[in-house]
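Below are the chains, spelled out letter by letter.
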Amino acid sequence: MTAGTGWGIPRVHAILVRRNDVDLAVDRSAYFTSDRTAIRATMRVSFAFPHAAAIQRITLSD
């Protein structure tokens, strides 16, 4: 993208896409001496723009 140029799309034409393989790891041993649990979650997401005509180029000038 060149300086002073951006791209915009109306919110109603943007979709959040989530993959089905969300990974959740639980480890109780890390905090064995207290009532805590370590949790790590990994989720892969992206944005989709199915209406190409809605994408607008925005140019800023001085």
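Procedures and definitions
Residues numbered from 1 in each chain as written. Predicted model: local features only at pLDDT ≥ 70, side-chain atom pairs only at ≥ 80, totals over all residues. Heavy atoms only, no water. Helix = DSSP H or I, 4+ residues; strand = E, 2+ residues; numbered from the N terminus. Rg over C-alpha atoms; globule rule 2.2 N^0.38 Å. Buried < 20%, exposed > 50% of the residue type's maximum accessible area, 1.4 Å probe, protein only. Contact = heavy atoms within 4.5 Å.

Looking only at helices and strands, the protein chain has 0 helices and 6 strands in total. Across the protein chain, helices and strands are ordered from the amino to the carboxyl terminus as β-β-β-β-β-β. By the compact-globule yardstick of 11 Å for 62 residues, the protein chain is too spread out, its C-alpha radius of gyration being 21 Å. Principal-axis analysis of the C-alpha atoms gives the protein chain an extent of 60 × 30 × 15 Å. Taken across its 62 residues, the protein chain has 5% of its residues classed as buried.

Assignment of secondary structure puts Thr-5 in strand β1 (residues 5-8). Residues contacting Thr-5, with those up to four places away along its chain left out, are Arg-57, Ile-58 and Thr-59.

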